[in-house]
Amino acid sequence: MSNFFLVFMLALGLPFGATARGDEFTERAAQIAEYKAWLDGLGSGGSRYWITLDSERRPHKLYVGDAFYRADPEVQEHFIDTFSHYLAGHPDKFMLIDLYDEATKEPVGEFGWGGFKMYPKAVSSKEIHK
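Not measured: the values here are computed from a predicted model.

**Focus on the overall build of the protein**
Per the secondary structure count, the protein includes 4 helices and 5 strands. Along the chain direction, N to C, the helices and strands of the protein fall in the order α-β-β-α-α-β-β-β-α. Counting only residues that meet the buried cut, the protein has 28% of its 130 residues in that class. Accessible surface, the protein as shown: approximately 9100 Å² in total, 59% of it carbon and sulfur.

Have a look at this one:
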């Protein structure tokens, strides 16, 4: 009789666990939707923090625009952090991103295992020979 009671109690607990997981999925999907709405406002049709995303390879190539450079470093990091969560499709996971300048198509930074990093500005050969 005790085995029946144990199976009965486990069966009662299953629907509640499934509901909790379903709610968690719904909450994550809502958070990712918020990220998308915010990022869309900062895209090429908005503030121009980012212009385009090349997701053909990993890490993703994110081309950043003028507004990104004018932002404070903390704002830049928050933007890239949020973009990474959005690309991963989960508020607790990250996607690796390489940052490229939209005008020159040159690498300018990255977001990866070591966090957010902007590269020092490269000195052009014209400036060296002045």
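**Some remarks on the environment of Arg-70**
Locating Arg-70 in the fold gives a position in helix H2 (residues 66-70). Note on Arg-70: relative accessible area 65%, which makes it exposed. Separated by 21 residues in sequence, Arg-70 and Tyr-49 place their C-alpha atoms 9.1 Å apart.

**Side note on the pairing of strand S4 (residues 107-112)**
Two elements, strand S3 (residues 97-101) and S4, share 4 bridges in a ladder whose sense is antiparallel. From the neighbouring strand, Ile-97 faces S4, where its bridge partner is Phe-111. Hairpin remark: S3 followed by S4, antiparallel, with 5 residues in the connecting loop; positive phi at Lys-105, about 65°. Here 4 bridges tie S4 to strand S5 (residues 115-118), and the two strands are oriented antiparallel to one another. Note that in S5 the partner of Gly-109 across the bridge is Met-118. Hairpin connection of S4 to S5: 2 residues between the antiparallel strands.

**Observations concerning the packing of aromatic side chains**
Within this structure, the stated rule accounts for 9 aromatic pairs. With a centroid separation of 5.1 Å and an interplanar angle of 90°, the aromatic rings of Trp-50 and Phe-83 are classed as edge-to-face. You can see Trp-50 sitting in strand S1 (residues 50-54) and its partner Phe-83 sitting in helix H3 (residues 73-88), a full 33 residues away along the chain. The burial state of Trp-50 is the same as that of Phe-83; both residues are buried. Feature note: the residues Trp-38, Tyr-49, Trp-50, Phe-68, Tyr-69, Phe-79, Phe-83 and Tyr-86 constitute an aromatic cluster, connected by ring pairs. The ring of Tyr-100 is capped by Lys-61, whose NZ or CZ atom sits 4.8 Å from the centre of that ring.

**A word on the environment of Tyr-49**
Summarising the element assignment, Tyr-49 is placed in the loop between helix H1 (2-41) and S1. Look at Tyr-49 and you get buried, because its relative accessible area is 13%. Note: C-alpha distance between Tyr-49 and Leu-39 (10 residues apart in sequence) is 8.8 Å. When sequence neighbours within four positions are dropped, the list of residues in contact with Tyr-49 reads Leu-42, Val-64, Gly-65, Ala-67, Phe-68, Ala-71, Val-75 and Phe-79.

**As for unusual backbone geometry**
With an omega dihedral of -5°, the bond running from Arg-58 to Pro-59 counts as a cis peptide bond. Of note, the phi angle at Arg-48 is positive, near 70°, even though the residue is not glycine. Among the residues examined, Arg-48 registers a relative accessible area of 36% and is labelled partly exposed. In this structure, Lys-105 takes a positive phi of about 65° despite not being glycine. Structurally, Lys-105 can be placed in the loop between S3 and S4.

Quick notes on the rules
Residues numbered from 1 in each chain as written. Predicted model: local features only at pLDDT ≥ 70, side-chain atom pairs only at ≥ 80, totals over all residues. Heavy atoms only, no water. Helix = DSSP H or I, 4+ residues; strand = E, 2+ residues; numbered from the N terminus. Buried < 20%, exposed > 50% of the residue type's maximum accessible area, 1.4 Å probe, protein only. Areas by Shrake-Rupley, 256 points an atom, 1.4 Å probe, with all protein chains shown as cover. Pairing = 2+ DSSP bridges. Phe/Tyr/Trp six-rings, centres within 6.5 Å; stacked < 30°, edge-to-face > 60°. Lys NZ or Arg CZ within 6 Å of the ring centre and 35° of its normal. Contact = heavy atoms within 4.5 Å.

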